[in-house]
Amino acid sequence: MPNDDFEIKTISSDVNTHQFILEAHNDDLKCAGENSKKSRGKLPKIKILGTGGTIASKGACSSHTAGYHVDLTIQELLDAIPDISRICEIEYEQLCNVDSKEIDESALYSIYKGIADALQTFDGIVITHGTDTLAETTFFVDSCIDSGDVPIVFVGSMRPSTSISADGPMNLYQAICIAADKQSRGRGVLVSLNDQISAGYYSTKTNANTLDSFNVRQGYLGNFVNNEIHYYYPPVKPVVCHKFKLKMSPDVTSFTFPTVHILYAHQSFSPSLIDLVAKQCDGIVIATMGAGSLPDIVNDKCLHVGIPVVYSKRSMDGMVPRANLPKPLPEKEYNVIASGYLNPEKSRILLRLCLAEKHSISEIKEVFSGVYGG
Ligand SMILES: NC(=O)C[C@H](N)C(=O)O
């Protein structure tokens, strides 16, 4: 006869041994995060950093899912989530409150600084962020911060707070539970959206409108169902992630980065665009056709333009291998670099970080070889 006083749960850290943990069933243990509360004797401390995005937006009426504007503070977002105080202790801070198209160097730096400061004293960190450029920020943060065991969870929404079936409150609730859960430790930068947990390093927004807006070719790490967090793997971080050391500055507005522009290639792509853009930047990323294809005349221009040019791709999936770079004289060190698996916007961030550290072309190639380019 089943014993209703016991609840059987698989715990991901025990997947190697296929162990099942028997726990006394208690009605108070219905909210996610309660297990960590129980084992630690006190609630985990979670820092919430608000930056804006659709999750903090209001539309004209409840059926509108476009044409809205950022209008809610992080405090108002948290007020909309009942019961969170049963799961963790919260401290929150508004870093900025903008659509993520406005995230610039100083916003990026304040996110970096907010996370770096919180790492010292909190068990987990949640950042609310617009989804349009969320994957750029997660890639940047994972490239600059060694979070140790502390989970850093980014979250947004696709519907404004005013819409029927707004996804923001549940997404934020789940992100906080994920940050508070001890199973999330040692997993680095995470993205929590639409019940799915994925690695910030690999996540990409692949749909501009649907709730299922992020797809991860490298696989989801876990799922959130009815207050249960299901990780599919033990804690793991991306093997390819190169870590940079940012120079902390007390003034976020004085933070600058080398300039890198992205060009989108197409049939009859003009080589003159390379010269035009090169005058205004320190490096170029090209969204090439296929896996590194550019017209011969454009390849020739890239080889001789005198600044680093990263060959990325227009295609959402796949990669640009080093073997597809133009190589007229194999023994000469040219300034063209293959992006490997990185899309143009992530390649741009990686190139900016390399240039900020004044890496030579061969060092930049070495960094990109981590993502199987170079
Ligand atoms: N769903 C969103 O968050 C999109 C919004 N435009 C943003 O990135 O801020």
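Residues numbered from 1 in each chain as written. Predicted model: local features only at pLDDT ≥ 70, side-chain atom pairs only at ≥ 80, totals over all residues. Heavy atoms only, no water.

Caption draft 1: Spotlight on the sheet that holds strand S16 (residues 283-288). In spatial order, the strands read S15-S16-S17-S18; together these four strands make up an open sheet with parallel pairing. The sheet is open, and its two borders are formed by strand S15 (260-264) and strand S18 (336-338), each paired with just one other strand. Pairwise comparison of adjacent strand axes, ignoring direction, gives a mean angle of 25° for this sheet. Bridge analysis of S15 against S16 gives five bridges, and the strand direction is parallel. (Pairing = 2+ DSSP bridges. Helix = DSSP H or I, 4+ residues; strand = E, 2+ residues; numbered from the N terminus. Axes fitted to C-alpha atoms, helices over the stretch in contact; angles between N-to-C directions.)

Caption draft 2: Broad picture of the packing of aromatic side chains. This structure, assessed with the given rule, holds seven aromatic pairs. Taking the centre distance of 4.8 Å and the plane angle of 35° together, the rings of Phe 139 and Tyr 201 count as tilted. Note that Phe 139 is positioned in helix H4 (residues 134-144) and Tyr 201 in the loop between strand S10 (196-199) and strand S11 (204-205), a separation of 62 residues in sequence. According to the relative accessible area criterion, Tyr 201 is buried, its value standing at 3%. Pairing Tyr 232 with Tyr 233 gives two aromatic rings, centres 6.4 Å apart and planes at 85°, and the pair type is edge-to-face. For Tyr 232, a relative accessible area of 44% puts it in the partly exposed group. Among the aromatic residues, those joined into a ring-pair cluster are Phe 139, Tyr 201 and Tyr 202. (Phe/Tyr/Trp six-rings, centres within 6.5 Å; stacked < 30°, edge-to-face > 60°. Buried < 20%, exposed > 50% of the residue type's maximum accessible area, 1.4 Å probe, protein only.)

Caption draft 3: Geometry of helix H7 (residues 296-304). Those residues of H7 not exposed but buried are Val 298, Asn 299, Cys 302 and Leu 303. Taken around the axis of H7, the buried residues stretch over an arc of 140°, which confines them to a single face. In this structure, H7 carries Ile 297 and His 304 as exposed residues pointing more than 90 degrees from its buried face. At its buried positions, H7 is contacted by helix H6 (272-278), S16, strand S17 (309-313) and S18. Trailing H7 by a residue or two, Gly 306 shows a phi angle of about 90°, which is positive. (Arc of directions from axis to C-beta. Contact = heavy atoms within 4.5 Å.)

Caption draft 4: Local environment of the site of the ligand. Near the ligand you find Gly 53, Thr 54, Asp 99, Ser 100, Gly 130, Thr 131, Asp 132, Ser 157 and Met 158, and these make up its full shell. Between the ligand and Thr 54 there is a distance of 2.9 Å, counted from an oxygen atom to a side-chain nitrogen or oxygen. Take Ser 157: an N or O atom from its main chain is 2.8 Å from a nitrogen atom of the ligand. In the complex, 93% of the free accessible area of the ligand, which totals 270 Å², lies under the protein chains. Looking at the shell around the ligand residue by residue, the class counts come to one nonpolar, six polar and two charged. (Near = heavy atom within 4 Å. Polar contact = N/O pair within 3.5 Å; in protein donor to acceptor, adjacent residues only side chain to side chain. Areas by Shrake-Rupley, 256 points an atom, 1.4 Å probe, with all protein chains shown as cover. Nonpolar A, V, L, I, M, F, W, Y, C, P; charged D, E, K, R; others polar.)

Caption draft 5: Structural detail: the pattern of salt bridges. Within the structure shown, the criterion is met by 11 salt bridges. Linking Arg 352 and Glu 105 is a salt bridge whose minimum nitrogen-to-oxygen distance equals 2.2 Å. Here Arg 352 is found in helix H8 (residues 344-356), whereas its partner Glu 105 is found in helix H3 (residues 105-119), with 247 residues between them in sequence. Across the pair Lys 205 and Asp 132 runs a salt bridge whose closest N-O atoms are separated by 2.6 Å. Of this pair, Lys 205 sits in strand S11 while Asp 132 sits in the loop between strand S7 (124-128) and H4, placing them 73 residues apart in sequence. The exposure class assigned to Asp 132 is partly exposed, which follows from its relative accessible area of 49%. (Salt bridge = Lys/Arg side-chain N within 4 Å of Asp/Glu carboxyl O.)

Caption draft 6: Local environment of the nonpolar core. Counting 52 residues, the largest nonpolar core has Ile 115 and Phe 140 as the members making the most contacts within it. Where this core is concerned, the elements lending two or more residues are strand S6 (89-98), H3, S7, H4, strand S8 (152-155), strand S9 (189-193), H8 and helix H9 (361-369). In terms of residue count, H3 provides more of this core than any other element does, eight residues in total. Lining this core are residues from two domains, each supplying at least three of them: domain 1 (37-231) and domain 2 (259-369). For Ile 115, the residues in contact, after removing those within four places along its chain, are Leu 49, Ile 125, Ile 127, Val 141, Ile 145, Ile 152 and Phe 154. Counting 30 residues, the second largest nonpolar core, distinct from the first, contains Ile 55, Leu 78, Ile 197 and Ile 229. (Core = buried A, V, L, I, M, F, W, Y, C linked by side-chain atoms within 4.5 Å. Domains from an automatic or database assignment.)

Caption draft 7: Layout of the UniProt feature "binding site: substrate" (unreviewed entry) in the protein chain. As annotated in UniProt, the feature "binding site: substrate" (unreviewed entry) corresponds to Ser 100, Thr 131 and Asp 132 in the numbering used here. Over a stretch of 33 residues, the named residues converge on one spot in the fold, their C-alpha atoms separated by at most 7.0 Å. Structurally, Thr 131 is set in the loop between S7 and H4. Classification of Thr 131 by relative accessible area gives buried; the value is 3%. (UniProt positions renumbered as here; feature names shortened; annotations may be inferred.)

Caption draft 8: How the structure looks around the environment of Ile 115. Note on placement: Ile 115 falls in helix H3. Take Ile 115: its relative accessible area is 0%, and that puts it in the buried class. Spatially, the C-alpha atoms of Ile 115 and Ile 127 are 8.7 Å apart, while their sequence positions differ by 12 residues.

Caption draft 9: Representation of the packing of H8 against H9 within the structure. Across the interface, H8 lies against H9 with an axial gap of 10 Å and an inter-helix angle of 140°. The pairing of H8 with H9 is recorded here as oblique in orientation. Handedness of the crossing formed by H8 with H9: right-handed. Of H9, the residues touching H8 (which contributes Ser 347, Leu 350, Leu 351, Cys 354 and Leu 355) are Ile 364, Val 367 and Phe 368. (Parallel < 35°, antiparallel > 145°, perpendicular 65-115°, else oblique. Left-handed = near helix turned anticlockwise from the far one by under 90°.)

Caption draft 10: Molecular detail of unusual backbone geometry. Unusually for a residue other than glycine, Asp 83 sits at a positive phi of about 75°. Within the secondary structure layout, Asp 83 lies in the loop between helix H2 (74-79) and S6.

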